[in-house]
Amino acid sequence: MVIGENIHGDRTFFGDNWPNRAHNWFPCVDHPSDKATVEYIIKAPNHYQVIANGYQVEETNVTANLKQYHWKTSVPLPTKVMVIGIAQFAVQNIGETHHVPVSTWVYPQTKEKGFYDFSIAKKVLSFFIENIGEYPYRKLANVQSKTRFGGMENASAIFYFENSVTGEQKYEDLIAHEIVHQWFGNSASEIDWPHIWLSEGFATYLTDLYVLENKGSATFHKRMQNERTTVLNFFKRTQTPVVDAKTTNYMELLNANSYQKGAWVLHMLRNKLGDETFWKGIRMYYQKYKFKNASTVDFKQVMAKVSGKKLDIFFEQWLYKTGHPILKTNWIYHNNKVRLIVDQTQEAPFEFPLDIEMLYDDGTSEVKTINVLGKSAPFVIETNGTVKDINLDPNIQLLFEMDSN
Ligand SMILES: [Zn+2]
């Protein structure tokens, strides 16, 4: 429970539990697999407002300057997202979408900016309800707070860092990320910390897909490229798999493997299964594990079932092993054929489809897909013109890097 002055010098109280700090302010088994319903009965001086998970049952004047609040959830939550927030707030109800009331709770000193910043939440919430399924809670409140994180996805009362209020709607993707967590992380939760990519990878990639829908494919490709660069840079420093059972400092799991590589695994899975099957699988996985817990294998089984594809190698190489393909290529063009050798210079070879863009001398181009299976593989690709250059992975679909030697 963070008790202290906010940026305006006002006294505030905010729960900030992630990963397992809830037991510092209420007794609990502080683990995502031990979910419970929760209710809070809070007495606070009149000049405060009180926000919490769930829905408000009561607000009573106890004395001339003291009120009692009662908030309650009807569905079980993991302790990491059970919070209350007490501060002087300006509160704006911005209406409902799909019968879910959405509200903004910001410091009154900059309320116009804050109300404007968080007014986009309704549109974001609609997108995810329409694509994932029914929203798990009775309301959505976006709250300016003293969380130590950029955003903290507390169930139905998301806390954002104090300077997220800018009056410029600068944090639409942060809002989207935290809203995705209401389904993935809060409702369908990882069974244990090594599977945290089921929260963070999902929140990252479904935000990317929200951006694809709203900003178009050029912006989306740029994001995927940046996320890939983050993964490759992280790997230079830390060689751990995404499903990491060895790291016991959970704060260290808030890393590029859980976020960006998790997102990239979903990206490659979507390319492998197709957009429609991918979303169908995401919806099925959510329906099966809502208000429950899931492991990486549970997710794999749902996606294998919905697609009718074997996904064991895919999950094994991308999530349980470290690293990614590091490629070296050699090619020659002769007589409407490209002869290409693809070498994987990292230790264990991966299996993956690889798009090759043929750049013809007349200025046109064509994309062909090859299936890379072993350490070193030769390919003969028929072409429709004279090839003057080739370009690997033109549509940003593979997590890989080029061998710098
Ligand atoms: Zn997150």
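Residues numbered from 1 in each chain as written. Predicted model: local features only at pLDDT ≥ 70, side-chain atom pairs only at ≥ 80, totals over all residues. Heavy atoms only, no water.

(A) Layout of the sheet that holds strand S1 (residues 2-5). Spatially, four strands are ordered S1-S2-S7-S4 in an open sheet, and the strand pairing comes out antiparallel. Because the sheet does not close on itself, it has two edges, and the strands there are S1 and strand S4 (49-52). The sheet shows a mean angle of 15 degrees between the axes of neighbouring strands, direction not considered. (Pairing = 2+ DSSP bridges. Helix = DSSP H or I, 4+ residues; strand = E, 2+ residues; numbered from the N terminus. Axes fitted to C-alpha atoms, helices over the stretch in contact; angles between N-to-C directions.)

(B) Structural view of the packing of aromatic side chains. One pass over the full model with this rule turns up 32 aromatic pairs. Seen in terms of ring centroids, Phe-13 and Tyr-48 are 5.7 Å apart; in terms of plane orientation they differ by 85 degrees. Their pairing is edge-to-face. Highlighted residues: Phe-13 in strand S2 (residues 11-14) and Tyr-48 in the loop between strand S3 (39-45) and S4, separated in sequence by 35 residues. You can call Phe-13 buried: its relative accessible area is 17%. Taken together, the ring pairs connect Phe-184, Trp-197, Phe-202, Tyr-285, Tyr-286, Tyr-289, Phe-299, Phe-314 and Phe-315 into an aromatic cluster. Over the ring of Tyr-55 we find Arg-138, and its NZ or CZ is 3.7 Å from the ring centre. (Phe/Tyr/Trp six-rings, centres within 6.5 Å; stacked < 30°, edge-to-face > 60°. Buried < 20%, exposed > 50% of the residue type's maximum accessible area, 1.4 Å probe, protein only. Lys NZ or Arg CZ within 6 Å of the ring centre and 35° of its normal.)

(C) Geometry of the packing of helix H3 (residues 172-183) against helix H4 (residues 197-215). Their axes nearest at 8 Å, the elements H3 and H4 cross at an angle of 130 degrees. Here H3 is positioned oblique relative to H4, judged by the angle of their axes. For the crossing formed where H3 meets H4, the hand is right-handed. Of the residues in H4, those in contact with Glu-172, Asp-173, Ala-176, His-177, Val-180 and His-181 of H3 are Ser-199, Glu-200, Phe-202, Ala-203, Thr-204, Leu-206, Thr-207, Tyr-210 and Lys-215. For the contact of H3 with H4, the per-class residue count stands at six nonpolar, five polar and four charged. (Parallel < 35°, antiparallel > 145°, perpendicular 65-115°, else oblique. Left-handed = near helix turned anticlockwise from the far one by under 90°. Contact = heavy atoms within 4.5 Å. Nonpolar A, V, L, I, M, F, W, Y, C, P; charged D, E, K, R; others polar.)

(D) Spotlight on the pattern of salt bridges. Applying the stated criterion across every chain yields a total of 12 salt bridges. Among the ionic pairs, Lys-80 bridges to Glu-190, the shortest N-O distance being 2.6 Å. With Lys-80 in the loop between strand S6 (66-72) and strand S7 (84-87) and Glu-190 in strand S13 (residues 189-190), the pair connects residues that are 110 residues apart, well separated along the chain. Residue Glu-190 is classed as buried on the basis of its relative accessible area of 0%. One salt bridge connects Glu-401 with Lys-236, and the closest N-O pair in it is separated by 3.9 Å. Taken together, the residues Glu-401 in strand S21 (residues 401-402) and Lys-236 in helix H5 (residues 217-237) connect sequence positions 165 residues apart. When salt bridges that share partners are traced, they join Lys-123, Glu-172 and Lys-215 into one network. (Salt bridge = Lys/Arg side-chain N within 4 Å of Asp/Glu carboxyl O.)

(E) Structural context of the side chain of Glu-200. Relative to the assigned elements, Glu-200 resides in helix H4. Buried and unpaired, Glu-200 has Lys-80 as its nearest opposite-charge partner, separated by 6.5 Å. One polar contact links Glu-200 to His-177, side chain to side chain, over a distance of 3.1 Å. Those residues in contact with Glu-200 that lie beyond four places of it in its chain are Glu-153, His-177, His-181, Leu-254, Ser-258 and Tyr-259. (Lys, Arg positive; Asp, Glu negative; His and termini not counted. Polar contact = N/O pair within 3.5 Å; in protein donor to acceptor, adjacent residues only side chain to side chain.)

(F) Seen up close, the environment of Val-124. Assignment of secondary structure puts Val-124 in helix H2 (residues 121-132). A relative accessible area of 0% means that Val-124 is categorised as buried. Through-space distance from the C-alpha of Val-124 to that of Glu-58 is 29 Å; in sequence the pair is 66 residues apart. Excluding anything up to four places from it in sequence, Val-124 contacts Ala-176, Ile-179 and Tyr-210.

(G) Fine view of the coordination of the zinc ion. Protein coordination of the zinc ion is provided by His-177 (NE2), His-181 (NE2) and Glu-200 (OE), with donor distances spanning 2.0 to 2.1 Å. For the zinc ion, the single-chain donor residues occur in sequence as H-x3-H-x18-E. Within this pair, whereas His-177 is found in helix H3, its partner Glu-200 is found in helix H4, the two being separated by 23 residues in sequence. With respect to burial, His-177 and Glu-200 carry one shared label: buried. (Donors = N, O, S within 2.8 Å, 3.2 Å for Na, K, Ca; no water.)

(H) Up close: the nonpolar core. Grouped together as the largest cluster of nonpolar side chains are 123 residues, with contacts concentrated most on Phe-128, Ile-179, Trp-183, Phe-184, Trp-197, Phe-299 and Leu-354. What Phe-299 contacts, discounting residues up to four positions off in sequence, is Trp-197, Leu-198, Phe-202, Leu-266, Leu-269, Ile-282, Tyr-285 and Phe-315. (Core = buried A, V, L, I, M, F, W, Y, C linked by side-chain atoms within 4.5 Å.)

(I) Here's a closer look at H4. Its 19 residues give H4 an end-to-end C-alpha distance of 25 Å, which sits within 8% of 27 Å, the value for a rise of 1.5 Å per residue. Positive backbone phi, approximately 95 degrees, marks Gly-216, located one or two places after H4. (Expected span 1.5 Å × (residues − 1).)

(J) Representation of the side chain of Ser-295 within the structure. Assignment of secondary structure puts Ser-295 in the loop between strand S14 (293-294) and helix H8 (296-307). For Ser-295, a relative accessible area of 14% gives the class buried. Discounting residues that sit within four places of it in the chain, Ser-295 has contacts with Ile-191, His-195 and Leu-198.

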